[in-house]
Amino acid sequence: MNRTSMPLLPRAVAWLALLGLCSAYLVGGLTKLFDFNAAVGEMQHFGLAPAMPLAAAVIALELVGPALILLGNRYRWLAALALAVFTFAASMLANRFWLLSGPERFMSKNAFFEHLGLVGAFVLVAWYDLTSRQGDT
């Protein structure tokens, strides 16, 4: 797909759509930043070690990734792919619906596929960003 095959959204609408896409990561990063002990506890809950550096890395990704996407600089594609990989990995770890039953399975399955939708959206952002840059060269 090139720039002419899809109508471009007005800049403000596109930015608001990207803000919506990134909102959970911004809120999550800020929440973890202001309650670092809870962020470390979350890493420990999922058996991730070393918990403290991993919590710091997640906070950095959840704040820097959306910032790069919203600023629209030349690394937006990389930030979008990083958030896609992170979201997929986190969903595989936290939403293992295939191991659950009953209402827990239902809720976890919904969350898994919602996160899979976010992964797809971030891949589209990266793809669109990269292909539109090729047209600029």
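Anything mentioned here points back to the structure above.
Residues numbered from 1 in each chain as written. Predicted model: local features only at pLDDT ≥ 70, side-chain atom pairs only at ≥ 80, totals over all residues. Heavy atoms only, no water.

## With respect to the overall build of the protein chain
As a reminder of what qualifies: Starting at the N terminus, helices and strands are each numbered in turn, a helix being any DSSP run of H or I of at least four residues and a strand any DSSP run of E of at least two. Only protein chains enter the accessibility calculation, which uses a 1.4 Å probe; a residue whose area is less than 20% of its type maximum is buried, one above 50% is exposed, and one in between is partly exposed. In what follows, residue pairs with any heavy atoms lying within 4.5 Å of each other are defined as contacts. All accessible areas in this document rest on Shrake-Rupley with a 1.4 Å probe, and a residue is counted as covered only by the protein chains that are shown. The sign given to each residue is positive for Lys and Arg and negative for Asp and Glu; His and the chain ends receive no count. Charge positions come from single atoms, namely NZ of Lys, CZ of Arg, CG of Asp or CD of Glu.
Secondary structure summary: the protein chain contains five helices and zero strands in total. The helix and strand sequence of the protein chain, counted from the amino end, reads α-α-α-α-α. The C-alpha extent of the protein chain, read off along each of the three principal axes, is 45 × 35 × 25 Å. Burial analysis of the protein chain (137 residues in total) assigns 27% to the buried set. Once local pairs closer than 6 in sequence are excluded, the contacts in the protein chain between residues at least 24 apart make up 61%. Surface accessibility of the protein chain: about 8,600 Å² in total, with carbon and sulfur atoms responsible for 71%. Averaging the coordinates of the 9 positive side-chain charges in the protein chain and doing the same for the 7 negative ones gives two points 9 Å apart.

## Thoughts on the environment of Ala90
Position of Ala90 among the secondary structure elements: in helix 4 (residues 76-94). Residues Ala90 and Phe112 lie 22 residues apart in sequence; the distance between their C-alpha atoms is 9.5 Å.

## Concerning the packing of helix 2 (residues 36-45) against helix 3 (residues 51-71)
What counts, and what does not: Angles shown run from 0 to 180 degrees and are taken between the N-to-C directions of axes, each axis being a line fitted to C-alpha atoms and, for helices, limited to the stretch in contact. Orientation is classified from the angle alone, with under 35 degrees giving roughly parallel, over 145 giving roughly antiparallel, 65 to 115 giving roughly perpendicular, and any other angle giving oblique. Crossings are sorted by hand: turned counterclockwise from the far helix by less than a right angle, the near helix makes the crossing left-handed, and turned clockwise it makes it right-handed.
Look at helix 2 against helix 3: their axes get within 8 Å of each other, and the N-to-C directions meet at 110°. In terms of their interaxial angle, helix 2 and helix 3 are classed as roughly perpendicular. With respect to the hand of their crossing, helix 2 and helix 3 are arranged in right-handed fashion. From helix 2, Phe36, Ala39, Val40, Met43 and Gln44 reach across to helix 3, where they touch Ala51, Met52, Leu54, Ala55, Ala56, Val58 and Ile59.

None of the figures reported here should be taken as evidence of function without further support.
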